[in-house]
Amino acid sequence: MSALLEVRDLSVVFDGFRAIDGVDFTVREGELRFLIGPNGAGKTTLIDIITGLTRPTTGTVSFDGQSLAGKREHERVRLGIGRTFQTSVVFEELTVLENLDLAASFRRPLLSLLARRNGVSETVQRALETTGLTELAARKAGVLSHGQRQWLEIGMLIAQGPRLLLLDEPVAGMSGDERSRTGELLTSIAKDHTVIVIEHDMEFLRRYASQVTVLHEGKVLMEGSVEEVRADPRVQEVYLGRAREEAAHDVVS
Amino acid sequence: MTAVLEKKPVQVAPKEPRRWKGAALFAAVAVVALVVMPLVLEPFRLGLLAKYLCYAIVALGIGLAWGQGGMLTLGQGVFFGLGGYAMGMYLKLNDAGGDLPDFMVWSGVEQLPALWAPFRNPVLALAMVVLVPLVVAALLGTLVFRQRVRGAYFAILTQALAAAMVILLVGQQGLTGGTNGLTNFFDFFGNDISAESTQRGLYLTVAIVLGVLYLAAWQLVRSRFGRLLLAVRDGEDRVRFLGYNPATVKTITFTISAVMAGIAGALFVPVVGIISPALLGVVPSLELVVAVAVGGRFALAGAVLGAVVMGYAKTYFSEELPDAWLYLQGALFILVMTLAPKGIVGVAGALRDRFRKEAAA
Ligand SMILES: Nc1ncnc2c1ncn2[C@@H]1O[C@H](COP(=O)(O)OP(=O)(O)OP(=O)(O)O)[C@@H](O)[C@H]1O
Ligand SMILES: [Mg+2]
C-alpha cells in the first residue's frame, strides 16, 4: 500500500519555541496509527499542521501524493482529511441530529442547502447508531455531557466520510466502558479508513494499537509496534517516567 | 455509553402544531396589516406605518446578519441609501422630463452626469435598487470575510462605511443634492405621488414586500443553510473543519441583508418623499440595530417588531420630549443587552412559559 500522508522535515516555531522540530512522518493507506508523547510533545500541533490550522515554518505535508501547501482548512476537509479536537467543539444551539447532518452535508452544492432537511439521511442515521446517540438526536448539543459530546464529535467525523481521520485524545475523560466502545469503533473504522489517533493511555494502546509513533519535544523519538515502543528505554525515560512523576497512574500499564 | 443509554430520551414537542401556529399568527398579522390598518388609520398615520415597515425590512436583514449570523452590521444605512438614491434618481429624472433635475440647475450643473444616465430607464433603475447593494455587499464581504475580519472590527468597518457614504454624498452637491438629498417628487409611475390612493397603494406594497421577504428569510433560517449560519455564528473556526468556507456563508448572508436594506430604501423614498444623507448615516444605522436588539435579534419576528415599536416610540418621544429620545434609546439598548438579550420576543416567550406552567400546576 502506498503512503497516504507524507510529512517531510516539518518544523514550526512559535515565538522562538520549536514546537515541531524536523519531523518526518508517513502513514500508509489503511493504517491505524497511534501518536503518543508527553504533554507538550507537539502531537496536537502536528495535527493542526496537517489539517491547516497551523502553518508550518518549514517542511511539507502531502496527502495522496498532493502537496497541501496553501490549502485552507475546509479545502483539506474536502480532500478527505477529517479531525476531532482535544476539547470537543460541537454546536450547542443545534440539535445532535443537526450537528451530524451539517457534518454530512458539506459535499452538497451550496444552493441545495437552501432546502430544509428532509428526514434523516442514511449517513446520519448510521452515525447516530454507531455513536449510540439515537435517543438524544432531537436534543440540543449544549445539554450533552462531556462523554456524549466526544461521541458526537466522533459521529460528526464519521458522517463527514473522510479518507483520513485524525482524532485528538478521543477517549480522554471517558469511562472504562466507553473507552472499550471507542476502541472497538476505531478498530472497525480502521478496516476501511486511514486513522491517526493521539492517545496517552497505555492500556488503551496495548489493546487497540499496532503501529505507534512517539513524539518528544517536537521530534519523532521512535516508531514501532506497541511492544517495541513499550520496551524501549528512551520511551520509558521520557514518557512513562515523566508520567509516573506526574502520578498519572492511568498511563502506566 | 451506558450513561447515554440510561438517560431518558426527552420527548420533543410534535412539530406540526407549532408550525401551524406560526402560520396562523403570520396570517393574522397579514390581515391586520393589509386590511385593518388601511381602514382604521388616517392617511398621515398610515404613511407613518409605511415608513416603519420600510425600516422593518432593513431590520429583517439585520436580524439575519446579526441575530442568525453574528455579523454586527452598523452600516446598513449604506445599502438603504444605495437603494434609496437609485429610486430617487429615477423619480427626479422622470419628473424633470427631458431636462435636468431641479437641484442640478440650482447648483450650476449643465449636463446630466454619466452616473445618472441609466436611471432614466425605470426597469434599469429598479434593477439597480437590487444590484448595486448586492454587488457592493458581495465585494465587501468577499474582501473582509476572507481576511477573517470579524466581531468588533467588522462592526467598526461597517460604521466607518456609513460615515464615509455621508461625506461622499454631502461633498458631491451637484451629483447628489448634497445635504438636502433628493426630494420634491411629483410623479410615481404615472400617479400623483402625494395622492391618498397612491400612498395607500405604497403602504400595501411595502407591507407585501415585507411579508414576502419575511417568508423568504424564514425559509432561509429553517433550511440547512440556516443551521450552517448559526454554526458559523457560534463557531466559525470549527465550521471550517466540517468542510465549509465560513467566508462564503457570511458573504451570502450579508449580501442578502444588504439587498433587503436596498429594497427598503427604494420603497422609503416615495413613501416619505425624500432621501438624504441624514437618513442613512451612522445614527440611523445604529438606531435600527438598537431596534432589532429591543425586539429580539434571535428571532426574525423580533427584528420586525423592534423596528415598528421603536419607530412609534421615536415619533412619540420626539414630539413629547425631543432631547430625551437619544438617551432613552441608549439606556434601552444597554438594558436590553444586559437584562433581556432576547428582547421583547424573549420576554414574551418567558412570560408565556411561566403562564403555562402555572396553568398546568
Ligand atoms: N499557538 C501556539 N502558540 C504558542 N505556543 C504553542 C501554540 N500551540 C502550541 N504551542 C506550544 O507547543 C507545544 C506543543 O503543544 P501541543 O499542544 O502540540 O502538545 P501536545 O503534545 O498536544 O500536548 P498535550 O498532550 O498536552 O495535548 C506546547 O509547549 C505548547 O505550549
Ligand atoms: Mg494535545
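Residues numbered from 1 in each chain as written. Chains lettered and ligands numbered in written order. Predicted model: local features only at pLDDT ≥ 70, side-chain atom pairs only at ≥ 80, totals over all residues. Heavy atoms only, no water.

Overview of the overall build of chain A
- Helix and strand content of chain A: nine helices and 10 strands.
- Against the 2.2 N^0.38 benchmark of 18 Å for 253 residues, chain A shows a C-alpha radius of gyration of 18 Å, consistent with a compact globule.
- Dimensions along the principal axes, computed over C-alpha positions, put chain A at roughly 55 × 40 × 40 Å.
- Buried residues in chain A amount to 53% of all 253 residues.
- Restricting to contacts in chain A with at least 6 residues of sequence separation, those with at least 24 account for 67%. (Helix = DSSP H or I, 4+ residues; strand = E, 2+ residues; numbered from the N terminus. Rg over C-alpha atoms; globule rule 2.2 N^0.38 Å. Buried < 20%, exposed > 50% of the residue type's maximum accessible area, 1.4 Å probe, protein only. Contact = heavy atoms within 4.5 Å.)

Details of the interface of chain A and chain B
- Counting residues at the interface gives 41 residues for chain A and 36 residues for chain B.
- Carbon and sulfur atoms make up 59% of the area that chain A and chain B hide from each other, which totals about 3,800 Å².
- Looking only at chain A, the three residues that lose the most surface to chain B are Phe91, Leu102 and Arg116 of chain A, adding up to 19% of its buried area.
- Inspection of the chain A/chain B interface yields five salt bridges.
- In this structure, the salt-bridge partner of Glu153 of chain A is Arg238 of chain B, at a minimum N-O distance of 3.1 Å.
- Remark: the boundary between chain A and chain B carries 16 residue pairs in polar contact (both at pLDDT 80 or more).
- Elements represented by at least two residues in the side of chain A that touches chain B include exactly helix H2 (73–79), helix H3 (96–104), helix H5 (146–160) and helix H6 (176–190) of chain A. (Buried area = accessible area lost by both parts, 1.4 Å probe. Salt bridge = Lys/Arg side-chain N within 4 Å of Asp/Glu carboxyl O. Polar contact = N/O pair within 3.5 Å; in protein donor to acceptor, adjacent residues only side chain to side chain.)

Description of unusual backbone geometry
- Of note, Glu169 of chain A is a non-glycine position whose phi angle comes to about 50°, a positive value.
- Considering the arrangement of structural elements, one finds Glu169 of chain A in the loop between strand S7 (164–168) and H6.
- We classify Glu169 of chain A as buried; its relative accessible area is 10%.
- Although it is not a glycine, Arg148 of chain B adopts a positive phi angle of roughly 60°.
- By secondary structure assignment, the location of Arg148 of chain B is in the loop between helix H6 (122–146) and helix H7 (151–171).

A few points about the pattern of salt bridges
- Counted according to the given criterion, the structure contains 30 salt bridges over all chains.
- In this structure, Arg150 of chain B engages Glu236 of chain B in a salt bridge whose closest nitrogen and oxygen atoms are separated by 3.3 Å. Of this pair, Arg150 of chain B sits in the loop between H6 and H7 while Glu236 of chain B sits in helix H10 (residues 224–240); the two residues are 86 residues apart in sequence, bridging distant segments of the chain.
- Here Glu287 of chain B makes a salt bridge to Lys314 of chain B, at a shortest N to O gap of 3.0 Å. Taken as a pair, Glu287 of chain B in helix H12 (residues 282–295) and Lys314 of chain B in helix H13 (residues 300–320) lie far apart in primary sequence, 27 residues in all.
- Under the relative-accessibility criterion, Glu287 of chain B is labelled buried at 15%.
- The network of salt bridges with common partners includes Glu73 of chain A together with Arg148, Arg150, Glu236, Asp237, Arg240 and Lys250 of chain B.

Notes on the coordination of the magnesium ion (ligand 2)
Residue and element names in this part refer to chain A.
- Binding of the magnesium ion (ligand 2) to the protein goes through Thr44 (OG1) and Gln86 (OE1), at separations of 1.9 to 2.2 Å. With Thr44 in helix H1 (residues 43–51) and Gln86 in the loop between strand S6 (81–83) and H3, the pair connects residues that are 42 residues apart, well separated along the chain.
- On the basis of relative accessibility, which here comes to 25%, the residue Thr44 falls in the partly exposed class.
- For Gln86, a relative accessible area of 37% translates into the label partly exposed. (Donors = N, O, S within 2.8 Å, 3.2 Å for Na, K, Ca; no water.)

Section: the side chain of Ser285 of chain B
All names here are of chain B.
- Looking at where Ser285 falls in the secondary structure, it is placed in helix H12.
- Side-chain polar atoms of Ser285 contact the backbone oxygen of Gly281, separated by 2.8 Å.
- With residues up to four places along the chain from it excluded, the contact list for Ser285 reads Leu74, Gly75, Gln76, Gly77, Ala162 and Leu280.

A look at the sheet that holds strand S10 (residues 219–225) of chain A
Residues and elements named next belong to chain A.
- Across the sheet, which stays open at both edges, the six strands sit in the order S6-S7-S8-S3-S9-S10 with mixed pairing between neighbours. The open sheet is flanked by S6 and S10, the only strands paired with a single partner. Going from strand to strand, the sheet's axes swing by 20° on average, the running direction of each strand aside.
- Pairing analysis gives five bridges linking S7 to strand S8 (residues 194–198), with the strands arranged parallel. (Pairing = 2+ DSSP bridges. Axes fitted to C-alpha atoms, helices over the stretch in contact; angles between N-to-C directions.)

Structural notes on the packing of H6 of chain B against helix H11 (residues 246–272) of chain B
All names here are of chain B.
- Two numbers describe how H6 lies on H11: the axes approach to 8 Å, and their chain directions differ by 150°. When the axes of H6 and H11 are compared, the pair comes out roughly antiparallel. As H6 runs across H11, the sense of the crossing is right-handed. Residues Val129, Val130, Pro133, Leu134, Ala137, Ala138, Leu140, Gly141, Thr142, Phe145 and Arg146 of H6 form the contact with H11, whose own contacting residues are Ala247, Lys250, Thr251, Phe254, Thr255, Ala258, Val259, Gly262, Ile263 and Ala266.
- A per-class count over the contact of H6 with H11 returns 14 nonpolar, five polar and two charged. (Parallel < 35°, antiparallel > 145°, perpendicular 65-115°, else oblique. Left-handed = near helix turned anticlockwise from the far one by under 90°. Nonpolar A, V, L, I, M, F, W, Y, C, P; charged D, E, K, R; others polar.)

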